[in-house]
Amino acid sequence: PGRQSIVGLSGGLDSRSVAACLHKGYNPFKATSRLSYFATEKKDAAVAQEIARSLQAEWFLVKSDNPPEGRDFLQILKRKSGFNGVTMSFMVPYLEEIIKMFGRNIVYFTGDGGLHLKDIRPVKKLRNAKELVDYTLASYQVSPLKNVTALTSVSERDIISEIERHLLEYPETDLRQKYVHFVLSERCFKWLYEGEDRNRTYFWSTAPFHATQLFHYALNCPDQQKNLFRLYHQFLLLLSSDASAVRHAKWDAPIGTVKAKLAVKKVIARKKYKCLAKIYRLRLKKKNKKNIYTPEAIIIRCLEEQAAGCAIIKTLFNCDYLYRNMPEFNRVEIENLFTLTSAIELFECGGSSLEKHVNDIFI
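All values reported here derive from a predicted model rather than from experimental measurement.

> Is there a simple way to explain the overall build of the protein in this structure?
Scanning the protein from terminus to terminus reveals 17 helices and 5 strands. Taken over the C-alpha atoms alone, the protein extends approximately 60 × 55 × 35 Å along its principal axes. By the burial criterion, 47% of the 363 residues in the protein qualify as buried. As presented, the protein carries roughly 19000 Å² of accessible surface, and 54% of it is formed by carbon and sulfur atoms.

Quick look at the structure:
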């Protein structure tokens, strides 16, 4: 009571469902969408504006015209101690702007956690533990195993063996359901939750999809009902037929339409092909997250300073391999490594080299 409701709105289904639920319950809210320096959210923002209009909600676009700076990296590091990567530094200007616009006395609603209303089973049958591990890696690994091995001196065999042991400890007997357990427990609870926690260091944030009753109910719905977003379509229609009729940013069509179903089937087919290609080590046309960093970039200079001033970093990581093979690493790989080295430096050596680069641009 007494707090203004703000919905972080994208062009997908989850945040629009939260907004539609607030609207249906006569809870007034305002919607915000972000457009970061890299402008990857441009289409999402356009659709979010349409959704807000369909729900008669005031909508604000929060733009960041400046590239990530050292201060943004440092903010993420100090607030989350490495549990939220510096890759998420684009969120810092957005969250600070929300405070400028609405103050801290708000409840910020997100669509995080909508996975359990969707069919997240593997798109192929898994016949044994090896295929489960291969499929999980093909779906979620950030760095190729050869890069991880070269950086850490931990063998591929040991990494795969540990992942297999972990996955097989899940209680499910069906290998496809073990994968679902991985997505919800590791990807959602242990990764997405850290993003929510980051937001809560600025103002109170909540994700209604994580409500215990809803979570349990949704998991007990048969996966066949969730296939091709059939269950989700009915769920959203009950909340708001108007919001349901607005196109999805990635499908460029409203949920439930033939065009949307074809787009989903295309995504599934592409995912199946890519996973099979990775599993069987086929050559794929590279469509990787581009490396925007050069050997002269501030992030690389800062990494070198960390390694020089904090001996344990050199013990744990072969940073020379990164310097010699920069084109082999994409932006996210480098930022993930930098998150690790920054957290280690902070805890083991009692300071941060980022302090000297707060005003530097990190691209």
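Now that the structure is up, let's keep going.
> Where do I start with the sheet that holds strand β2 (residues 30-35) in this structure?
Within a sheet, adjacent strands bond to each other through the backbone by hydrogen bonds, running parallel or antiparallel. Spatially, β3-β2-β1-β4-β5 is the arrangement adopted by the 5 strands of the open sheet, whose pairing is parallel. Since the sheet does not close on itself, it has two edges, and those belong to β3 (58-63) and β5 (204-206), each with one partner. Neighbour to neighbour, the strand axes of the sheet diverge by 30 degrees on average, direction disregarded. Of the pairings in the sheet, the one linking strand β4 (residues 106-109) to β5 comprises 3 bridges and is parallel in character. In the sheet register, V107 faces β5, and the bridge partner there is W204.

> It is not clear to me how the side chain of T87 should be interpreted in this structure. Could you clarify?
Inspection of the secondary structure puts T87 in the loop between α3 (70-80) and α4 (91-102). The class for T87 is buried, based on a relative accessible area of 17%.

> Just checking my understanding: could you explain unusual backbone geometry for this structure?
Note: most peptide bonds trans; most residues except glycine with negative phi. A positive phi angle, near 60 degrees, is found at A39, a position not held by glycine. Counting through the fold element by element, A39 comes out in the loop between β2 and α2 (42-54). Unlike most non-glycine residues, Q56 shows phi in positive territory, near 55 degrees. Structurally, Q56 can be placed in the loop between α2 and β3.

> Quick question: what am I supposed to make of the nonpolar core here?
Here is a general trend for soluble globular proteins: nonpolar side chains tend to be buried in one another's company. Ranked by size, the top nonpolar core spans 38 residues in total, and within it L9, F29 and W251 carry the most contacts. Secondary-structure elements contributing two or more residues to this core are α1 (14-24), α2, β4, α11 (230-239) and α13 (258-279). A total of 5 residues in this core trace back to one element, the largest contributor, which is α2. Every residue in contact with W251, bar those within four places of it in the chain, is listed here: L13, F229, K259, A260, A263 and V264. Membership of the second largest hydrophobic core comes to 29 residues, among which are A150, L322, L337 and A343.

> Looking at this structure, how should I read the pairing of strand β1 (residues 4-8)?
Residues in a regular strand point their side chains to alternate faces of the sheet. Across the 5 residues of β1, 4 count as buried, placing the element largely inside the fold. Inspection of the sheet shows β1 paired to β4 by 4 bridges, in the parallel sense. By the bridge assignment for β4, Q4 is matched with I106. Here β1 pairs with β2 via 3 bridges, running parallel. In the strand pairing of β2, V7 is matched with A31. You can see the chain leave β1, run along α1 and come back into β2, and the turn it takes is right-handed.

> So what exactly am I meant to see when it comes to the state of the cysteines here?
In protein structure, a disulfide is the covalent linkage between the sulfur atoms of two cysteines. In total, this model carries 1 disulfide according to the counting rule given. Between the sulfur atoms of C310 and its disulfide mate C349 the distance is 2.0 Å. Judged by the torsion about the S-S bond (80 degrees), the C310/C349 disulfide is right-handed. Highlighted residues: C310 in the loop between α14 (298-309) and α15 (311-316) and C349 in helix α17 (residues 331-349), separated in sequence by 39 residues. C221 provides the cysteine sulfur closest to C188, a residue in no disulfide bond, and the two sulfurs are 17 Å apart. Unpaired in terms of disulfides, C302 finds its nearest cysteine sulfur in C319, a separation of 12 Å.

> Is there a simple way to think about the packing of aromatic side chains in this case?
Aromatic ring pairs are described here by two measures, namely the spacing of the ring centres and the angle between the planes. Counting across every chain of the model gives 17 aromatic pairs. Seen from their ring centres, Y37 and F38 are 5.4 Å apart, and the 75 degrees between their planes marks the pair as edge-to-face. Relative accessible area serves as the criterion here: at 34%, F38 is assigned to the partly exposed category. Residues Y108 and F203 carry aromatic rings whose centres are separated by 5.4 Å and whose planes lie at 55 degrees to one another, so their mutual orientation is tilted. With a gap of 95 residues between them, Y108 in strand β4 and F203 in the loop between α8 (175-200) and β5 connect regions that are remote in the sequence. Assigned by exposure class, Y108 and F203 land together as buried. Grouped by ring-pair contacts, the aromatic residues Y135, Y140, Y179 and F182 constitute a single cluster. Of note, R187 hangs over the ring of W191, and the distance from its end group to the ring centre comes to 4.2 Å.

What counts, and where the lines are drawn
Residues numbered from 1 in each chain as written. Predicted model: local features only at pLDDT ≥ 70, side-chain atom pairs only at ≥ 80, totals over all residues. Heavy atoms only, no water. Helix = DSSP H or I, 4+ residues; strand = E, 2+ residues; numbered from the N terminus. Buried < 20%, exposed > 50% of the residue type's maximum accessible area, 1.4 Å probe, protein only. Areas by Shrake-Rupley, 256 points an atom, 1.4 Å probe, with all protein chains shown as cover. Pairing = 2+ DSSP bridges. Axes fitted to C-alpha atoms, helices over the stretch in contact; angles between N-to-C directions. Core = buried A, V, L, I, M, F, W, Y, C linked by side-chain atoms within 4.5 Å. Contact = heavy atoms within 4.5 Å. Right-handed = clockwise from strand over helix to strand, strands pointing away. Disulfide = S-S within 2.5 Å. Phe/Tyr/Trp six-rings, centres within 6.5 Å; stacked < 30°, edge-to-face > 60°. Lys NZ or Arg CZ within 6 Å of the ring centre and 35° of its normal.

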